[in-house]
Structures are given as C-alpha cells and as structure tokens.
Amino acid sequence: MQKAGLRSAVAAVAVAALTVGASAQTIKIGVVNTFSGPQASFGEMIDRAFRLYIKLHADQLPPGVKIEIINRDDGGANPDKARQLAQELVVRDKVDILSGITFTPNAMAIAPIATQAKIPTVLVNAGTSVVVTRSPYYVRSSFTIYQHCVPLGTWAAKTLKKTFILVSDYAPGHDCQEAYTSSYTKAGGEIVGVIRAPVATADFAPFLQRVKDAKPDAMMVFLPAGRTATAMMKGFVDLGLKSSGIKLIGTGDIVPEEELPNIGDEAIGTITMFHYSAAGDRPANKAFVAAWRKEYGDKATPNFAAAASWDGMAMIFDAIKKQNGKLNPEKTVEIMKNFKTDQSPRGTISIDPETRDIVQNEYLRETRRVGGELVNVEIETASVAVKDPWQIMQKDKK
Ligand code: PHB
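Residues numbered from 1 in each chain as written. Predicted model: local features only at pLDDT ≥ 70, side-chain atom pairs only at ≥ 80, totals over all residues. Heavy atoms only, no water.

1. Some thoughts on the overall build of the protein
Here's step 1: Each helix and strand in the protein was counted, giving 13 helices and 14 strands.
Here's step 2: The C-alpha radius of gyration computed for the protein amounts to 22 Å, which stays within 12% of the reference 21 Å derived for 398 residues, consistent with globular compactness.
Here's step 3: Along the longest, intermediate and shortest principal axes, the C-alpha atoms of the protein span 75 × 55 × 40 Å.
Here's step 4: Across the 398 residues that make up the protein, the buried fraction comes to 56%.
Here's step 5: At a minimum sequence separation of 6, the contacts of the protein that also span at least 24 residues come to 67%.
Here's step 6: For the protein, the accessible surface area stands at approximately 16,500 Å², while carbon and sulfur atoms represent 54% of it. (Helix = DSSP H or I, 4+ residues; strand = E, 2+ residues; numbered from the N terminus. Rg over C-alpha atoms; globule rule 2.2 N^0.38 Å. Buried < 20%, exposed > 50% of the residue type's maximum accessible area, 1.4 Å probe, protein only. Contact = heavy atoms within 4.5 Å. Areas by Shrake-Rupley, 256 points an atom, 1.4 Å probe, with all protein chains shown as cover.)

2. Describing the domain arrangement of the protein
Here's step 1: Split into domains, the protein comes out as domain 1 (4-143 + 281-353) and domain 2 (146-274 + 361-397).
Here's step 2: Placing the centre of domain 1 and that of domain 2 at their C-alpha centroids yields a distance of 29 Å.
Here's step 3: Listed as interface residues are 25 residues of domain 1 and, on the opposing side, 24 residues of domain 2.
Here's step 4: In this assembly, domain 1 packs against domain 2 so that about 1,900 Å² is buried in total across both faces, 52% of it on carbon and sulfur atoms.
Here's step 5: Its largest share of buried area at the contact with domain 2, domain 1 owes to Ser129, Phe143 and Phe304, together 26% of the area lost on that side. (Domains from an automatic or database assignment. Buried area = accessible area lost by both parts, 1.4 Å probe.)

3. A short note on the site of the ligand
Here's step 1: Lining the immediate surroundings of the ligand are 15 residues, of which Thr104, Gly127, Tyr170, Ala225 and Asp253 lie closest.
Here's step 2: Ala225 is positioned such that a nitrogen or oxygen atom in its backbone is 3.0 Å from an oxygen atom of the ligand.
Here's step 3: Note that an oxygen atom of the ligand is positioned 2.6 Å from one of the side-chain N or O atoms of Asp253.
Here's step 4: Notes on the ligand: free accessible area 280 Å², of which the protein chains cover 100%.
Here's step 5: Looking at the shell around the ligand, its residues break down into 10 nonpolar, 4 polar and 1 charged.
Here's step 6: Here the shell around the ligand gathers at least three residues from each of two domains, domain 1 (4-143 + 281-353) and domain 2 (146-274 + 361-397). (Near = heavy atom within 4 Å. Polar contact = N/O pair within 3.5 Å; in protein donor to acceptor, adjacent residues only side chain to side chain. Nonpolar A, V, L, I, M, F, W, Y, C, P; charged D, E, K, R; others polar.)

4. Side note on the packing of helix H2 (residues 41-57) against helix H11 (residues 304-322)
Here's step 1: Running from N to C, H2 and H11 point in directions that differ by 40°, and their axes come no closer than 8 Å. Taken as axis vectors, H2 and H11 run oblique relative to one another. Here H2 and H11 pass one another in a crossing that is right-handed. Residues Phe42, Met45, Ile46, Ala49, Phe50, Leu52, Tyr53, Ile54, Leu56 and His57 of H2 pack against Phe304, Ala305, Ala306, Ser309, Trp310, Met313, Ala314 and Phe317 of H11.
Here's step 2: In terms of residue class, the contact of H2 with H11 is built from 16 nonpolar, 2 polar and no charged. (Axes fitted to C-alpha atoms, helices over the stretch in contact; angles between N-to-C directions. Parallel < 35°, antiparallel > 145°, perpendicular 65-115°, else oblique. Left-handed = near helix turned anticlockwise from the far one by under 90°.)

This is the structure in structure tokens:
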C-alpha cells in the first residue's frame, strides 16, 4: 500500500516536471559572495535578501518563469578566486545574470568576464567609485564610498576642527580618505594624520595609540564591515580614545546592524554617514524589517548589504517582467539603467542612466540604545538624491 502510494507519487512528480519543463524557463543568477572569513556576514545578508525578495514576489514573474540562485564563496577580497568563480558560473553554469560581489578587488577582476560574455551584473556591495566604469554590463545597487565620505566631511567640519583618518589600505579606503579630505578641508577642517591599515589587520592597538597621541577632535574610519571593524571599535574604547573625548565618526560599515550586539554599548555615540539604517522610519523600511523578522526570527535585522540586495533583486525582477522572461543582455542593462523606485527600504532610489550607478539619500546617524536594542538612529537626511560625487568630479575635470 505504502509502496504503491510512493510509486504513484514519484510518477506524479515526474509528470509535473515534464509539463513544467515544456513551458518553464529558469533564469540563472550566479552570485559571487562572501560566505567565509572575517566578512562572512555579507554572505548571509545578501543571500537572505535575495531569497526573501524572490519568495515574496514570485507571483509577479511571467507565467512559467523561475529564478535559480547559484552561490559561490570568494572568502573575501580574493580577485583571482573571484575571477575563476565568475568564469565557471558563466561557462559551466551558463548564468544569465551575475551578482553579489562584496569586494572592490573582486569586482575589478570580474569586469572583463562580464564584458566579454555580455552578462548583466548587479553589484550589491563593492563601493569604490571606479568599479562601475570597468564594464558596460555593470549596474550598481549598493553605494559609493564617495557618497558617504563627501557629506561626512562637510558635516564634520562644522564642529570638529581636527581629524585623524584611519582607513583600510585598499581602493575603498583610499576613496574614503580622498573624499573626506576634499570636503572637510574645503570647509576649513584640518587632517592631522592618516593611517592606512593593511586589509587583514586584526589588532588595531598600535594604530589607535598613534591616533590618541595626536589628540584629534575626531577619528574618521572606513573599514570593511564585519569582524575587522568590530575589533577596531573595541580597541577605540579599550585604549581610552573614547574617554579622552575623541569623537568616532565614519561610514556605516563600522556599525552594521548584525555587529552591534557584538560591539555592545561601546558603539553608543558613534556618528556615521550612510544610505541605510534598519531603524529608518520609512513605511517601506518598516515593512522590509518586519518581513525579514517574520522569515528569519525576531532577533534578525537586515543591514545595508541586505537592503542593496533586496533592491538589486527588484531591478532584476523589473528586467525579467519587462522582457516577459526572455532576457536579452543589452535590453536588460538598458532597463536596469532606468530603474527607479520610491519603495526601497532606503527611500527613493534610482540608477543614473549615464553612469549605471545608484542615486540615493545619505543619512546622518548616531548609534544609540533604543528600547533595549542598539540601533543607528537617522538624525537627519544629510543629502537627497546623491549621485556619485567622484563621477561628477571626473566630468568637471574634462
Ligand atoms: C568594498 O570592497 O568595496 C567594500 C567591502 C566592504 C564594505 C564596503 C566596501 O563594507
């Protein structure tokens, strides 16, 4: 009885597969993502956002169209590995779209593959300005470091006259140093020291001691989000920089939502300029956070990479719907270039059709304990609909 039941069930599944197979179309998205190493939280945030968006919006896809996510782990900033993974996704798995790409060096390495194979690629993190210029098939849903660090410098110069800069010694860190210095010094601030810490730094004590000795008003930091930034945050307090009155400011990468419980109350008072906070008061953000907690539990909170991946998948859905499920690479990029929504958890966002880069608001935030939870409270919208300032500077140079 049981056996017969199983047999007919197997037969039924086989028939269903055949019927579906006849009309179904699967869009394959190859995701080069970071699931291991000190920045492994990106892997989970990006993957969860993609899967949640697909689950909640699958009924909007054209009939018979399915999406398949194929994940690969780059382990962090490993351009050779990332290039190889992207190559395999294109050649062996025959993906229609590439996405993920946490780190700038990986994005630089993958660009020629996207171009040669004509694969529309949605960058959901890598934030160095130049990245998006490296392939006409690149569209960025995340941010540029310039978008944060230019308004941060303008804001800081109002009350903090001397800044010590601490950045990770690779492209986004260099962008942050340049962007902050340009707006901060223009507004009358003085840079009293710069440290570029090796990307793999785990112990910040020697660097932080130098900052403390320089007695600046502020220490401005960019480090890739994750355990590295948390180690710096702890050191800032342990070495007495916080108690000596130095103000910790930076991009939101130093206080991502998932690390706040690990950092603890030491994070309170940190001022950051960023495009997304889970504490943002917008209805679309409240709905996003509620959906996230329903799916992943009350203690789970999406961060900026989750928001960029949610919006990145919205862009992919838009392209699929507008082409009725049959993707042409050029048309896909054309559609994505003109994407705009007021339903992003970040507020209104769009893609600048000229640069294929994200246009979004920047929020000034302060880390506080609210209702028992550490959150990044958006104090004000510092700038609205910000285009990448680096791209604007390049244009002005011509
Ligand atoms: C980057 O490599 O562009 C990058 C990585 C991690 C971040 C921000 C930017 O938190």
